[in-house]
Amino acid sequence: MRRFGFLLSVAAFAALILAALFAPVIAPFLPNEPVHAPYATPGEGGLLGADSLGRDMFSRILFGLRYTLGISLTVSVLASFTGVSLAFLAAFRRGWTDILLGRLVDAIMSVPQIIFALVVLAVAGVSLVTLIMTMAVLESTLFYRVMRPVAADIVAMDYVEVARLRGEGLGWYLRREILPNAAPTLIAEFGIRISYAVLFISGLSFLGVGVQPPAADLGGLVRENALAISVGQLSPLAPAACIALITLSVNGIVDWFIHKYSIRAELG
Amino acid sequence: MNLPSRKQLSPMRDFIVSRGVSGAVSLLLVTFLVFVGTALLPGDTASALLGQNATPEALAALRRDLGLDQPLLLRYLGWFAHAVRGDFGTSLASGRAVSEVLLPRLGNSLLLASVAAVFLLPVAVGGGIAAAIWQDSWFDRLLGFTSMLFLAMPAFLVGYILIYVFAVRMGWFPSMSVAPFFGGAAAWINILALPVISLVIIGQAHTMKLTRTAILAVLATDYVLMAEVKGISRRRIILRHALPNALSAILSISILTVAYLIVDVVVIEMVFSYPGLGKLMVDSVSYRDLTVVQACGLLFALIFIGMNFLADFLALLVNPRQREPARGA
């Protein structure tokens, strides 16, 4: 059953990635051009109908998928790199570095992420760069929290001690000794963070502080078409369902991975 | 003579002092980060207010009026001293006192969150306990499946599905909370129904999973094994032996659920245009009304940190052995 879920998730996720990569080839229309009648139903225009400006919904969703997946992956890569580096730095240095980093991470984590992001984006203004940086900083605290105890355990291990005595540099044993040991936990956490980042960016865009018009990610598409739902159109639900499909497939893969490597279930 | 009793009290006091201090430090650090962030970034409140075409003279004058020409630390201390007394300055968009704008919205949000909690907690905690009692039954599997589904859904999807079904198709409730806030209980039920149901659906999955895990953890202990060996029925073991011991965990799970409800409220308020603190904050972000955004952020942070503190505190109160309270995930 789990294996079936896993295969289904892999297939769905691969399809989504391919759809995002080849969006310009697959999309029947340009995403920002009015090609149908406004609010055209699926039968009248395009596969999924049109929005209030007559833009093709299916094409917009394909391009929205690019933003959603692109931003989530970028954020997760940046956040894991920052969080893991800082966790190992703290485990190695101990002392003030450790205490200060710990306090900073606690402080950031003690405030709900979406609230923190709203405050920072209000101040910094919304652009792709501020958006990705803000999300990456917030997400890196979670990588830090998961990896800090793992790092401490690994640093205390005999073979690391031996490497240290042998006079190897910090970079060497990070690459050769520590990362291979921490990999399963890290990969599981990475998957969980991607699915969270997808919900996070979708939420921010839905609130209007994410990807800015005329471009739209999946959350932004829901926002744009929200009014159509009150007149009985289902079009805003398609991008929202697409978001759920991404998180479901990522969660399915992570779930299989966690069981395969019997990693603690308390991650994330 | 009374040394022993004082000694008994001290873990409690230690906890309150240390967690209280660390919560306060977190809050201070967050406000300071936001403040320093504001200062470091290009553009400030004055340029946000006057827009792109402002003359340098006008900008300088406004900065003087707003006190933006003062040193950063002084400005921070000034803002902090006022904020502690409940004075968050004036809203840049409406010119009214921030606290005057904030309070009614806060009331609306707390009403929404607490009504949702009243329905959510029994459903989710009860569901979690039932899932643990009948572990691996079809009921447990069904709950596991629905939790997985709801945890993967963005909050607004739940909201819009409800709007589509109950407001558009059935026409039972309004799709937006635009009705004026009078007309007694019936009007309130009408406005609150769909946002509350959304919040219950969104929040229950996590709470149910945590409750189930907490009960199952207790069921894995030696004294439960002992009770099983003695031949006591599973239901009795859970209700008489496991549940009291899982109580502290369930209590903190419940309070953390309420803390997360208050955050979920932000998105749900936008879906239903419900005039709460979350919608105020998001609207203020788009107007770049920084004083209101800061005050809302501080209030949300305060509520969230306070709830986390309360969760750990109650867990300790119910279970004195738990000297090192688990951090809420």
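Residues numbered from 1 in each chain as written. Chains lettered and ligands numbered in written order. Predicted model: local features only at pLDDT ≥ 70, side-chain atom pairs only at ≥ 80, totals over all residues. Heavy atoms only, no water.

## Some remarks on the overall build of chain B
And then number 1: For chain B, the helix and strand inventory stands at 12 helices and 0 strands.
And then number 2: The helix and strand sequence of chain B, counted from the amino end, reads α-α-α-α-α-α-α-α-α-α-α-α.
And then number 3: For chain B, with 329 residues in total, the buried portion stands at 45%.
And then number 4: The long-range share in chain B, meaning contacts at least 24 apart out of those at least 6 apart in sequence, stands at 72%. (Helix = DSSP H or I, 4+ residues; strand = E, 2+ residues; numbered from the N terminus. Buried < 20%, exposed > 50% of the residue type's maximum accessible area, 1.4 Å probe, protein only. Contact = heavy atoms within 4.5 Å.)

## Focus on the overall build of chain A
And then number 1: Counting secondary structure elements, chain A contains 11 helices and 0 strands.
And then number 2: Its helices and strands in sequence order give chain A the pattern α-α-α-α-α-α-α-α-α-α-α, from N to C terminus.
And then number 3: Projecting the C-alpha coordinates of chain A onto the three principal axes gives extents of approximately 70 × 45 × 30 Å.
And then number 4: Looking at chain A alone, contacts between residues at least 24 apart form 71% of all its contacts between residues at least 6 apart.
And then number 5: By element, 68% of the accessible surface of chain A is carried by carbon and sulfur atoms, the whole surface being about 11700 Å².
And then number 6: Computed over 18 positive and 17 negative side-chain charges, the separation of the two mean positions in chain A equals 6 Å. (Areas by Shrake-Rupley, 256 points an atom, 1.4 Å probe, with all protein chains shown as cover. Lys, Arg positive; Asp, Glu negative; His and termini not counted. Charge placed at Lys NZ, Arg CZ, Asp CG, Glu CD.)

## Focus on empty space enclosed by the protein
All names here are of chain B.
And then number 1: Using the criterion set out here, one finds 2 cavities of 30 Å³ or more in the structure.
And then number 2: Reported here for the second largest cavity is a volume of approximately 30 Å³.
And then number 3: Among the secondary structure elements, those contributing two or more residues to the lining of the second largest cavity are helix H5 (98–133), helix H10 (234–272) and helix H12 (290–318).
And then number 4: Its residues assigned to classes, the lining of the second largest cavity shows 8 nonpolar, 1 polar and no charged. (1 Å grid on protein atoms, 1.4 Å probe; cavity = no way out; pocket = protein on both sides within 12 Å on 5 of 7 lines; lining within 4 Å. Points joined across faces, edges and corners; volume = space filled by probe spheres on them. Nonpolar A, V, L, I, M, F, W, Y, C, P; charged D, E, K, R; others polar.)

## A look at unusual backbone geometry
And then number 1: Cis rather than trans, the peptide bond between Pro-213 of chain A and Pro-214 of chain A has omega equal to 5 degrees.
And then number 2: Tracing the backbone shows Pro-214 of chain A in the loop between helix H8 (170–207) and helix H9 (218–224).
And then number 3: With a phi angle near 70 degrees, Asp-136 of chain B is a residue other than glycine that sits in the positive phi range.
And then number 4: Within the secondary structure layout, Asp-136 of chain B lies in the loop between H5 and helix H6 (138–152).
And then number 5: The phi dihedral of Ser-273 of chain B falls on the positive side, at around 50 degrees, and the residue is not glycine.
And then number 6: Tracing the backbone through its elements, the reader meets Ser-273 of chain B in the loop between H10 and helix H11 (277–287).

## Digging into the packing of aromatic side chains
Aromatic ring pairs: the centre-centre distance and the angle between the two ring planes describe each pair.
And then number 1: For the structure on display, the rule yields 10 aromatic pairs over all chains.
And then number 2: Geometrically, the ring pair formed by Phe-257 of chain A and Tyr-261 of chain A is tilted, given 4.6 Å between the ring centres and 40 degrees between the ring planes.
And then number 3: The buried category is assigned to Phe-257 of chain A, whose relative accessible area is 14%.
And then number 4: Looking at Tyr-261 of chain A, the relative accessible area reads 41%, which means it is partly exposed.
And then number 5: Measuring from centroid to centroid gives 5.5 Å for Tyr-260 of chain B and Phe-304 of chain B, while their planes differ by 85 degrees, and the two rings are edge-to-face. Here Tyr-260 of chain B is found in helix H10, whereas its partner Phe-304 of chain B is found in helix H12, with 44 residues between them in sequence.
And then number 6: According to the relative accessible area criterion, Tyr-260 of chain B is partly exposed, its value standing at 34%.
And then number 7: In this structure an aromatic cluster arises from ring pairing among Phe-206 of chain A together with Phe-156 and Tyr-160 of chain B. (Phe/Tyr/Trp six-rings, centres within 6.5 Å; stacked < 30°, edge-to-face > 60°.)

## Here we look at the interface of chain A and chain B
And then number 1: Contacts between the two partners involve 41 residues from chain A, matched on the other side by 45 residues from chain B.
And then number 2: Where chain A abuts chain B, roughly 3600 Å² becomes buried across the two surfaces, and 80% of that area is made up of carbon and sulfur atoms.
And then number 3: In this structure, the connection of chain A to chain B is made through 0 salt bridges.
And then number 4: Our count for the chain A to chain B interface comes out at 1 residue pair in polar contact (both at pLDDT 80 or more). (Buried area = accessible area lost by both parts, 1.4 Å probe. Salt bridge = Lys/Arg side-chain N within 4 Å of Asp/Glu carboxyl O. Polar contact = N/O pair within 3.5 Å; in protein donor to acceptor, adjacent residues only side chain to side chain.)

## Regarding the packing of helix H3 (residues 57–93) of chain A against helix H6 (residues 128–155) of chain A
For any two helices packed against each other, one specifies the inter-axial angle together with the distance between the axes.
Residue and element names in this part refer to chain A.
And then number 1: In contact at an axis separation of 5 Å, H3 and H6 are set at 40 degrees when each is read in the N-to-C sense. One finds that H3 runs oblique with respect to H6. In terms of crossing hand, the pair formed by H3 and H6 is right-handed.
And then number 2: Across the contact of H3 with H6, the residue classes tally to 22 nonpolar, 6 polar and 2 charged. (Axes fitted to C-alpha atoms, helices over the stretch in contact; angles between N-to-C directions. Parallel < 35°, antiparallel > 145°, perpendicular 65-115°, else oblique. Left-handed = near helix turned anticlockwise from the far one by under 90°.)

## Details of the pattern of salt bridges
And then number 1: All told, the structure shown has 7 salt bridges over all chains when counted by the stated rule.
And then number 2: We note a salt bridge from Asp-98 of chain A to Arg-148 of chain A, for which the minimum N-O separation is 2.6 Å. With a gap of 50 residues between them, Asp-98 of chain A in helix H4 (residues 95–109) and Arg-148 of chain A in helix H6 connect regions that are remote in the sequence. For the pair shown, Asp-98 of chain A and Arg-148 of chain A are each scored as buried.
And then number 3: Taking the shortest distance from any N to any O, the salt bridge between Arg-212 of chain B and Asp-140 of chain B comes out at 2.8 Å. Taken together, the residues span a long stretch of sequence, with Arg-212 of chain B in helix H8 (residues 184–219) and Asp-140 of chain B in helix H6 at a distance of 72 residues.
And then number 4: A relative accessible area of 24% means that Arg-212 of chain B is categorised as partly exposed.

## Quick look at the environment of Val-21 of chain B
And then number 1: On the secondary structure map, Val-21 of chain B appears in helix H1 (residues 3–40).
And then number 2: For the pair Val-21 of chain B and Trp-79 of chain B, spaced 58 residues apart in the sequence, the C-alpha separation amounts to 21 Å.

## Some details on the environment of Ala-226 of chain A
And then number 1: Within the secondary structure, Ala-226 of chain A is located in helix H10 (residues 226–230).
And then number 2: Judged by its relative accessible area of 15%, Ala-226 of chain A falls in the buried class.
And then number 3: When the C-alpha atoms of Ala-226 of chain A and Gly-43 of chain A are compared, they prove to be 20 Å apart, with 183 residues separating the residues in sequence.
And then number 4: Contact partners of Ala-226 of chain A, with chain neighbours within four places excluded, come to Pro-236 of chain A together with Tyr-160 of chain B.

## Some words on a nonpolar patch on the surface
Residues and elements named next belong to chain A.
And then number 1: On the surface, Leu-18, Leu-21, Phe-22, Val-25 and Ile-26 cluster together into a nonpolar patch covering about 500 Å² of accessible area.
And then number 2: At the level of elements, helix H1 (2–21) and helix H2 (23–26) are the ones that each hand at least two residues to the nonpolar patch.
And then number 3: Relative to the helices and strands, Phe-22 resides in the loop between H1 and H2.
And then number 4: A relative accessible area of 44% means that Phe-22 is categorised as partly exposed. (Patch = residues over 30% accessible without salt bridge, like charges linked within 9 Å, V, L, I, M, F, W, Y side chains within 5 Å.)

## Details of the side chain of Thr-141 of chain A
Residues and elements named next belong to chain A.
And then number 1: The topology assignment puts Thr-141 in helix H6.
And then number 2: Relative accessible area serves as the criterion here: at 4%, Thr-141 is assigned to the buried category.
And then number 3: Reaching out from Thr-141, the side chain makes a polar contact with the backbone oxygen of Leu-138 at a distance of 2.6 Å.
And then number 4: When neighbours within four sequence positions are excluded, Thr-141 is seen to be in contact with Val-105, Ile-108 and Met-109.

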